[in-house]
Each structure stands twice: as C-alpha cells, then as structure tokens.
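# Architecture and fold: a report
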Amino acid sequence: MAPKRNAQEAFGNLVVPHQISAFAAARLAKQSKHVAAYQEPLEDDERLHDAASLAQVPYDGNHGDTSSDAESEPGNSVLTSTLKPTTIIHSPAHGKGAVEAGPDGRLTITLRNNETTAYVGEYDLRVLEGIATIYGAVLAPTSSPRRRRDGTVVQISHVQSTIRVLDKLSPLFRNMWRREDYPTRTFQPLQSPADGDSQHSPLPLEIDQRTETVLSRLSTEVDSTARLTRVMAVGAKSSGKSTFNRILCNALISKPSLQKILYLDLDPGQPEFGPSGQLSLVEVTAPILGPPFTHPASARSPNYSLLRAHTIAATSFKDDPAHYVACATELVQHADRQYPLVVNSCGWVSGLGASVLHDLTQALSITQVVLLEPLDAGLTAALQTSCTDATFHRLPRQPARPTARTPAESRGMQTMAYFHHRAAKATSEPRWSSKAISSRRPWLVSYDGPHAGIQAIISYGTQPHPDFLAETLDGSLVALVRLDSQYERGVLSSSHHTATSEPSADDSSESATTAPPSDLIKRTKDSLPYIAPTTSGATAPLDPRFSECVSLALVRGIDTPNKVLQLVTPLSESQVAALMDQTLVIVRGSFDAPEWAYLEDLHLNGRESGMETERPWVSRTETVGIEGAVWRLRHPPLAG
Amino acid sequence: MPRYTIHPWRTHTDLLTVRDQLYHLDTPAPDARRYAVDRILSCWKFRGNLPHAVESTALLIDAQLHHQSQNSERSDFALRAVYTAAFTRFVTGFCDIGRSREGLLQPSSMLDVAKRIGMPVHFVGLRHEAVHEELPSLGRLVGAVDEGLRWLWEVYWSRLEVSALNDVESNGRVDDGELKDEVRRVLKAFRSSRRDAFRTNRQREAEHQSEVEAFAQACGRILDGDSRDRQDVEMFATVLVDERFLVPSSRSLGDSMDGAFTLWDPLLSRLIQSQRRFPATLVERLHTQLTESTVQSSKDVASEAFALWLLHALELANTYATHGSTDASLQAATLRVCCLYPGSWTKMVGQRLLEGDAELMADYQALFEASVLVANSETMEVDTEVGTAHDGGPSELPFSTRDELVAVRYSALHDHSTAAVGWRRALFAPSVPIGIVA
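Residues numbered from 1 in each chain as written. Chains lettered and ligands numbered in written order. Predicted model: local features only at pLDDT ≥ 70, side-chain atom pairs only at ≥ 80, totals over all residues. Heavy atoms only, no water.

The name an unreviewed UniProt entry gives chain B is rRNA-processing protein las1, with Friedmanniomyces endolithicus as the organism.

Formally: UniProt positions are given in the numbering used here, feature names are shortened, and annotations may be inferred rather than shown by experiment.
Under an unreviewed UniProt entry, chain A has the name Polynucleotide 5'-hydroxyl-kinase GRC3 and belongs to Friedmanniomyces endolithicus. What the UniProt record of chain A gives under Function (unreviewed entry) is the line "Polynucleotide 5'-kinase involved in rRNA processing."

### Side note on the overall build of chain B
Note the following rule: Under the DSSP-based scheme used, a helix requires at least four consecutive residues in state H or I and a strand at least two consecutive residues in state E, with every element numbered from the N terminus. The buried label applies to any residue whose accessible area, calculated with a 1.4 Å probe on protein chains only, is under 20% of its type's maximum; exposed applies above 50%, and partly exposed to all values in between. Surface accessibility in these figures is a Shrake-Rupley result with a 1.4 Å probe; residues are shielded only by whichever protein chains are displayed.
Within chain B, the regular secondary structure consists of 18 helices and two strands. Here chain B holds 438 residues, and the buried ones make up 50% of them. Surface exposure of chain B reaches about 20400 Å², of which carbon and sulfur atoms provide 51%.

### Some words on empty space enclosed by the protein
Where empty space is left can be seen by rolling a probe of water-molecule size over the atoms. Inclusion rule: A pocket, in this scheme, is an open set of points on a 1 Å grid over the protein atoms alone with protein on both sides within 12 Å along at least 5 of 7 lines, while a cavity is a set where a 1.4 Å probe fits but cannot get out; residues line either one if an atom lies within 4 Å of a point. Grid points are joined across faces, edges and corners, and a volume is the space filled by probe spheres set on the points. Under the scheme applied, nonpolar residues are Ala, Val, Leu, Ile, Met, Phe, Trp, Tyr, Cys and Pro; charged residues are Asp, Glu, Lys and Arg; polar residues are all the others, including Gly.
Scanning the entire structure with this criterion turns up 16 cavities of 30 Å³ or more. What lines the second largest cavity is a set of 16 residues, among which A:Ser476, A:Leu477, A:Phe591, B:Phe46 and B:Arg47 lie closest to the centre. When the residues that make up the lining of the second largest cavity are grouped by side-chain class, the tally is seven nonpolar, six polar and three charged.

### Focus on the sheet that holds strand β4 (residues 123-129) of chain A
All names here are of chain A. To keep it simple, the criterion reads: Criterion used throughout: strands pair if DSSP finds at least two bridges between them. Throughout, an axis means a line fitted to C-alpha atoms (over the contacting stretch in the case of helices), and angles, computed between N-to-C directions, take values from 0 to 180 degrees.
Strand order in the open sheet formed by four strands is β1-β2-β7-β4, and the pairing between neighbours is antiparallel. Each edge of the sheet is formed by a strand with only one pairing partner; in this case those strands are β1 (99-101) and β4. Between one strand and the next, the sheet's axes are offset by a mean angle of 20°, whatever the strand orientation. Inspection of the sheet shows β4 paired to strand β7 (residues 152-158) by six bridges, in the antiparallel sense. Its bridge partner lying in β7, Asp124 is registered against Ser157.

### Observations concerning the packing of helix α7 (residues 352-363) of chain A against helix α8 (residues 377-386) of chain A
All names here are of chain A. To be explicit about the condition: The labels follow the angle: roughly parallel below 35 degrees, roughly antiparallel above 145, roughly perpendicular from 65 to 115, and oblique for the rest. Each crossing is labelled by how the near helix is turned from the far one, with a counterclockwise turn of less than a right angle marking it left-handed and a clockwise turn marking it right-handed. In this analysis, two residues are considered to be in contact whenever any of their non-hydrogen atoms come within 4.5 Å of each other.
With their axes 10 Å apart at the nearest point, α7 and α8 run at an angle of 20° to one another. Here α7 is positioned roughly parallel relative to α8, judged by the angle of their axes. You can see that α7 and α8 cross each other, and the crossing is right-handed. In this structure, α7 uses Ala354, Leu357, His358, Thr361 and Gln362 to contact α8, whose residues at the interface are Leu379, Ala382, Leu383 and Ser386. Taken together, the residues of the contact of α7 with α8 sort by class into five nonpolar, four polar and no charged.

### Observations concerning the side chain of A:Ser574
Selection criterion: Pairing of N or O atoms within 3.5 Å defines a polar contact, subject to two protein rules: one partner must be a possible hydrogen donor and the other a possible acceptor, and residues neighboring in sequence count only if both atoms are side-chain atoms.
As for its placement among the helices and strands, A:Ser574 is situated in helix α13 (residues 573-579). Side chain to side chain, A:Ser574 and A:Ser572 meet in a polar contact 3.3 Å long.

### Considering the packing of helix α6 (residues 121-132) of chain B against helix α7 (residues 138-155) of chain B
Residues and elements named next belong to chain B. At a minimum axis separation of 11 Å, α6 and α7 run at an interaxial angle of 140°. Regarding the angle of α6 to α7, the classification is oblique. The chirality of how α6 crosses α7 is left-handed. Each of His122, Phe123, Leu126 and Glu129 in α6 lies in contact with α7, whose residues at this interface are Arg140, Leu141, Ala144, Glu147, Gly148 and Trp151.

### Structural notes on the pattern of salt bridges
Note that side chains of opposite charge can pair when their charged atoms are close. Counted only if it meets this: Salt-bridge detection follows one rule: a side-chain nitrogen of Lys or Arg within 4 Å of a carboxyl oxygen of Asp or Glu.
Per the counting criterion, the structure on display carries 29 salt bridges over all chains. For A:Asp448, the salt bridge is made with A:Lys563, and the minimal N-O distance between the two is 3.6 Å. Of this pair, A:Asp448 sits in the loop between β18 (443-446) and β19 (457-459) while A:Lys563 is found in the loop between β23 (547-559) and β24 (564-568), placing the two residues 115 residues apart along the sequence. A salt bridge links B:Arg140 to B:Glu129, with the shortest nitrogen-to-oxygen separation between them at 2.7 Å. One end of the pair, B:Arg140, is in helix α7; the other, B:Glu129, is in helix α6, and eleven residues separate them in sequence. The network of salt bridges with shared partners includes A:Arg441, A:Glu573 and B:Arg425.

### Comments concerning unusual backbone geometry
Residues and elements named next belong to chain A. The linkage connecting Glu373 with the following residue, Pro374, adopts the cis geometry, with an omega of 5°. Non-glycine residue Lys563 carries a positive phi angle of around 55°. Phi at Trp617 takes a positive value of approximately 70°, unusual for a residue other than glycine. Its place among the elements puts Trp617 in the loop between α14 (595-604) and β26 (618-621).

### Describing the pairing of strand β25 (residues 583-588) of chain A
Residue and element names in this part refer to chain A. Across the six residues of β25, six count as buried, placing the element largely inside the fold. Residues Thr583, Val585 and Val587 line one face of β25 and the alternating positions Leu584, Ile586 and Arg588 line the opposite face, and both faces are buried. As paired strands, β19 and β25 are joined by three bridges and run parallel to one another. Bridging from a neighbouring strand, Ser459 pairs with Arg588 of β25. With five bridges connecting them, strand β20 (residues 477-483) and β25 associate as antiparallel partners. By the bridge assignment, Arg482 is partnered in β25 with Leu584.

### A short note on the confidence of the model for chain A
Residues and elements named next belong to chain A. Stated formally: For every residue, the pLDDT score states the predictor's confidence, bounded by 0 at the bottom and 100 at the top.
The predicted model of chain A has a mean per-residue pLDDT of 75, with 71% of residues at 70 or higher. Long-range and interchain partners of residues 194-199, a stretch whose pLDDT sits below 50, account for seven contacts in this model, where long-range means more than four residues apart. Confidence over residues 494-518 falls short of pLDDT 50; this stretch has 28 contacts with residues more than four positions distant or in other chains.

### Things to note about the side chain of A:Arg440
Residue position: A:Arg440 is located in the loop between β17 (431-432) and β18. Beyond its immediate stretch of four places on either side in the chain, A:Arg440 contacts A:Phe419, A:His420, A:Arg422, A:Ser433, A:Val568, A:Thr569, B:Arg425 and B:Pro430.

### Let's talk about the environment of B:Asp96
Counting through the fold element by element, B:Asp96 comes out in helix α4 (residues 76-102). B:Asp96 sits 13 residues away from B:Ser109 along the chain, and the two C-alpha atoms are 9.9 Å apart.

### Here's the deal with the nonpolar core
Selection rule: Among buried residues, the Ala, Val, Leu, Ile, Met, Phe, Trp, Tyr and Cys ones that are joined through side-chain atoms within 4.5 Å form a nonpolar core.
Grouped together as the largest cluster of nonpolar side chains are 62 residues, with contacts concentrated most on B:Leu187, B:Leu240, B:Trp264, B:Phe278 and B:Trp309. Take this core: its biggest share by element is twelve residues, from helix α14 (residues 301-320) of chain B. Not counting chain neighbours up to four residues away, the residues in contact with B:Phe278 comprise B:Val233, B:Phe236, B:Leu240, B:Leu268, B:Leu271 and B:Ile272. Within the second largest apolar cluster, 51 residues are counted, among which are A:Ala55, A:Tyr59, B:Leu60 and B:Ala86.

Next up, the structure:
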C-alpha cells in the first residue's frame, strides 16, 4: 500500500547536518543558471541567428534574461518548497522507524538532533515534541512544550490545496510542484539530488556559520536596544538579500518576546509581498516560507498585514529616484518603532542605485547594515561615513542559484497571484480564485460626469500621446491611488468633477481662492481625464504624504460610449464600497504587460478553444523553421 | 499545445495599416507617417512586447520627419543627433538581441553578430563612429537611415503576411445585414413548415422530422459561420426573440403558450445541444425583453409571453444542455434579474423558479421578497451591509446581488441614468476576452 512505500521513501530522505557545501557548490556550478522549467518556454527560444527572427524581438531590457545580471530568487527559485533542508542530503542508516504514516496521509517524523528533512509541496507542519527550525523560524509545540533530549517529532499533514488552482490558468505555475505521484497528498518527500531530473531538484538552503553569527548579533541588538532596530541588507542582485531578510524575519518573530516585525518592501522589481512596482510596509506575524507569490500582503491578511503602500508604477526607480526615496521615507513614518524593521532594498548597487541606497540609509535611520560582499568599495565607504551610528555586518554573498523563471516571469506570476488572491477572513489561510480573470465581474467605473469614479489618469515616466491614451490603457495594468481630500485640490486643481458632495457653487468659489483657475485635468477625445505633463516633460508624481496606493487594477476594457472603464481589482466589494466616496486617480507607468491575463481563459479551456473569437493583442505562433522565421497567423481553427 | 504571442497591436490588421502608413503604401495622407510613428513610439512602446524592427523603423522615420519639418530653430547638431540616436539604437538593439540569442560564454563582437544575422557591416561601422568618434556628416546619416529602412523592410515588414485572419476580418465576413436576412428567412421557413405539418397532421412523420433536421443544420451553419463569432449567436438570438418569432401574433393575455413551445422546441432543443453559447444567449435576450419594456404592465401580452418563454427556455436548457453546469447558473442569473427589476412578470418568473428549486430558495428567497417589497414601497431601506470576501461560489451570490441592489438604488438616488454612480459591479461575469467590451 502506498502509505508504507511513502514512509520508506521519506525515511530514505532524512538528512544529516553539517555535511557541507563543497558538494552543493559543485552542483551549482554544473547547473546552468537558467533552467528551463517549461516544456514549452514562453520566451521565443529559437536559436536562429538571422535578422528576420531577431526583428520580432522587443528590445526593452527583458530580452535574454540569461545574462548574469538577472536576479534570481534565492531559496525559492527552482521549486515551491515550503520546507528547505539546511544541509545537503545524506541518507542515514535505514530502519529505526523514524517516519510513521498516518491514516490520512499525514506523516509523523522523528528527528534526532541536527537532522533535517525536506518535503516539497504544500502542507501543514506541526511540531509535536521538541523544537524544529524551518527557514530560520523556530517552531515548538503549541501546548505544553516538552523538551526531549534526544530529538524532535514533527507531523506533516496535507492541506486543501489552494494556490494550485493557478496551474490551470498559466503554464508558469506548472512543472513546479514535482510529479503527481501521490494524488492524495499535497506534498512529497524531496528526492535526493542524485536522482535524475536534477534540473528540477531544489537546492537545500544553507545557513552558514557567519550568517548565524550575524543573526545572533542582530537578535541581541533587538533585545538590547528596546527594539529600535532597523536592518537593511545591501548587496548586488542574486546575492541573497531576500533570503537573508526572510531568515532574519523568521528568526525575530520566533522570539516569544516579539512575535511581530515590520517589513519595508522597497524592491519594486521583485517584491516580497506585493505586485511589482509597489513599495509597501507590512506587518509580519508568521514565518515567511513559500515564494513571494504564495503570500501576498493585504489589509485583511492576519499574517502579512499591509499597512500602507505606494506605487512607482515601474519595476525600477530609474526614472524618478527622488520619488522612490520620498515614498520610502513616508512609509517608514508609519512604522511603529516598538517593533524591529527589516528593509528589503533592491539590488542596484552601482551608479544611481548606490546613491539612492546611500540616501535611503539616512532617510530611514537604518541602525544595522548587512553588507553582502563583495561590494563596490566606494559604496561601502560612503555608507560608513554617512551612517556613523549604524553598525555594519559583513557577509559573503551567496552563490547565485539556478532559477526556473526569469525575473519577468516571476513578476508575472506574482502579479497573477495577487489578482487571484482572495482576501481571507481573519485566521483562515489565503485563498485563490480559480476563475479566469477575463470572466471576473469587472467594476464599471465612470470617468466623466459628476459621479466619476476616478478623477484623473496620471502617467509616471513617459507620457503617451493623448490621442493614444485609450489604446495604451486598454488591457493594461494600472494602480489605483487614493488622494487625501485636501491634497486633491492641489493636484487636480479646480476640477469641477470632484467626488465630494459639496454644492457646485461652493466648490468653484473655493477652488478659485485656493488654486489658479487653470484646470490641470485635460480630456482626450474619448473624454478620458489626464494630467498633462509640465514643460519639463514629466508629470509630477503624487506626493506620498497625501496619497496611498490602494490596489492594482487591470483595465479590462474601455466602454467609450458610456464613458466607463471596466476595471478588475483584487479588492473585495466591501473594500471598494469604502473607497466610493474617496478621491481616486489612476496611475499608469511602465508596469509589465499583463500577458498572463490575456491567456488565462485559453489555458483554462484547453487547446483550440477560444481563439475563434476576436482576441486582442494575442495571436497564435507556429513553430517556425529557418526559412520562414516570421509570424504566420493561422486561419482560425474551426473547432467543433 | 499552441503557443501564443502577445503583441502591442490589437489585431494583425492594425500592424498592416501601420506598415502601409510608414512605407507610403496607401494613398498618402499628409500626416499618416507622423500618426503611425506616434502610435508606435507613444503607445505600442508603452504596451510592451514591441518588436525591435517595428520600434527601429519608427525611430528612423521619426528622424526623417524631424528633418523634413519646417522648424527654423533646428540646429545642425540637433538634426545629426536625432539621426544618430535613432540609428545607433537600431543597430545596437539588433546586435544585442543577436548576441544574447547566441548564448556564448565569450560574447562575439558586434561585427560578428552583424555578419551572422545578415546586417550590412557598415551599419556597425557607422554606429561605432557615431559613438566613439565625430558625429557623422548629415549626408551620410541620411543615406544610412534610408538604407536601414530598406533593410528593415526586407527582414521584417515584407515578410508579414496579409494573413487569412485578416481576410476573415475584412472581406470574408458576410455582411451583418445579409446574415440577419438569412436568419429571418430560415426562421420564417421553419415556422411555416411546422404550421403546415400541424395543419395536415403529419408532424410525427419521418419526412417532416428530416425537414426539421435540415432547418437545425441550416441554423447550425449560420452559427458556425466563418468568424465563429459570439456575435453570430447573439445576432441569431436577437432576431429570434426581438422580432417576435416566438410570440403568436393573435395571442391575448392568459393564453397558453403550449402551441408556440411545441412549434419551436425541436429546433431550440437541437441548438441548445449543439451550440455551447446558445442557451445563455437566448436566456439573456429574454431577460432584456422582460426588463427593457419600461412599463411592465401586468396587462402586457408580450411581456407575459416572454416571461413564459423564459421559464420554458430554462427548462429546455436544463434538459438538453450538454455543457455542464450552465443551467444552474442560468437560473441564478434569471433570479438576479428578477430581484433587480421587480415587476409583475419578473415576480411571476422568480416565484416559479423558487418553487422549483430548494437550493435557489435557500439562497434567494429573502432577497427576492425584499426586492418585491422595494418595488412596492419606495421608502424601503436596503441593507447596506456589503458582502465579505467571496470567491464567486454559488452560495455567495446573494451577497453580491445585494451589492448590486445597493448600487442600483444609489444611482437611482442621484441620477436616473444607470451610468451615474462612480463604481458599479458588473451584473454578469463577462464571457469575452480581455480588451473587448461586452
């Protein structure tokens, strides 16, 4: 019977500690940096060196993510494993009955000191006796912790799989959860790396001695400084910042005296807690285990509660570093100094990135800087001279890990999960909606007239030509930003379409006194309201002190005859209801194209169906040979 | 498994239009090139996934347009700088992409890449000169940009197919009016064939059965037409319902509809079986008929007929639909319509549905009764409690419906047009792809 076999296998994968990393390093070196995790890569991967094939490729910095500057997601890249072994796998002697399989597929595992075990998938983990650590978090039995001198008993049980509904909607989420050997279980033991299929094997997470030392120093710091600790890890891309931050967070919230930390997510390219382009302050009360798309922060989440967010509407702050720093500075004002703050900086450590990091350490009053070396000596010196009060810790950067997804793909997955995430009722686990985003009932938001639901469309970065604003907006991602009512007048000037219920006479007289009568809001020929750029060419970004990013939205369609935008947002109806009397603007910028959204219903309904209808921005691609390396748009299949 | 490409143009036709404008293939409107360049650089570029060939073409032509413009402020440097920037971006992009495609550890030189991809090597030479040496003279730049545009035509634009898809969109599609006439013709013929059969009492004969079969196939062909568009199904249902094919002309209030049902059932049941979208579209059309008649007078003969047809269509869908769960959601959708548009006939439909289904009863009865009350007394307070987290599960439908009620009433308070309120939740889940307004 299956359970017994499972138990055997699981047992076979028990691992022993401190058998270290030469093996791991060698294995890493062998692996190509970018592992193809798809059977069908989404990226065009024909190796045709002729211009006709290259002519179709966008030149936007996203091509060729195999180059070494691609930021991997250390620790969660290859597989979505919620549990990482801390050492390389080595099978102990068989026998001993260390793993028992329960009736409902749950496993009870007895571990001796310093043993680790690894399971891949989604599962509940309970420590029955002793103490276990996972990704830096320390777990103990919830009731009457009994110390056992000789080890720990943990129980792993399967869960109602939730996030896996996304498999059906996008190939990005497939081939990630290992083989389906155990249909009744949402997890399975990690095979040893000696097995075939090594490209898909996850690598164990190693917390080396130096990291341990830094962690314990930071932990002591938190205890002694009455928690006025603000930590920022500084390092290049793929140097292990996010992994370090997670381990640190998990270690800190495991302290019984603390149980809560604040996380300032300032990496708009690969955020830990939100969709890309967003900077957020999050209250963390549970260990951060899965990859970022498994734990989006939201205002209602009991574990990762979103306190406040701003958007820069781009995956990099290169267009407006001052606004980026202003957003970060504003967010930190909302951080309760009673709790330690962990800052997730982005991995841009040279040039403009270095000077922004320098500004951030001062603006955020960072007290602890963790340098993941090697770093540019100039940056290190600059940080040290400017932050005389801060303590500096040094760690070697972690070796880059192979990634299964390019950064653009990871962002796509994260944004997709964000849109499918259902705000969970308190205490319950996050849930994901299995409906294709195209069949979600959109919000119909009027953009003109006295009851307009949004007041203006603001472009960050480069502004599209007003004649093309509708075409640019249609089917793209935007951010919904709420403005404070006093500030609204300044930004929108004498807009006569304010959402406030004041009588209109009053309205106009007031705006005449507070602002020049010039109306900043212009309208396109479709009446879309927009704010024209100043003579310097850019639109002034919204002041983070008086505005707040509420959510992202997908412009599902624009109903120009009725002057209605169809927006899909992850917000619940009650959250939208609470926004109805607020001043809202739409911010667009250089968000990634939501390619996943255009294809979800196609993937959901299987092959052939769906392309018979008009489908904007999508065509079928045939695999092309050398001679015909151009698109051939097929005649639409006559299905049925 | 098919692979899909996402591109910034909405349809292939858009891309071909832009090509014609850029390369003067159409009758030259004076601003056509400017318009096409702006569209590429100031719209498609922002949408992402813009092929480098398209972007380069727009950059090079933008430089030409800059040169041709009558701006007296334009300095020689500005002119050369614009040409240079466009040209270097064009060349660098191709070489970068080519290089990353090679995936070599030791990246090859730009010159090597250019040779390999068949780009004239002097493009690379000119780029090198422009970046590292003096800015090239205007004459050389103008020549190089022309040559670049010809090369781009060669490697990209000329290879775009005026595809079959495009034919369907522009030429192959039968004109909508013609198709409608065709539908009318088939429906009328079917109706008279059935009437004749009943009159001569041969409705059960094999000969007549095969006639019916032929009509069903004719309708199927219309619905399966070239474009296989959802619009065809909608158009069909619109003709069928709106043009009163289903309602006996001599009908008076309270008459039984059994005759009409018997007449149409053989055709409708076959279409429900064979056309995935037909049941929902038919029911939707009937909803519209019921809710659009502004005065839902209890005396209205047609409204009564549509209400009875609605109930009958749901039953048919229930019996014949082969496509899974559609029937249950259709009933729920109908109930929501009944709640949102209280009137004597929607009330009748709602009551019948509730009586027939215990589950619906549990979900909707309270709401339904409340809506009837709302209709009767305008001062009725609607519970403003909005639904908590919902994932679209059937048991949560009543919550969202209540929200809709709130929104509808809210708009009714402020304005009599339904588009008045800032945020409203769409009543139905759309069945069209992103980017299409249903």
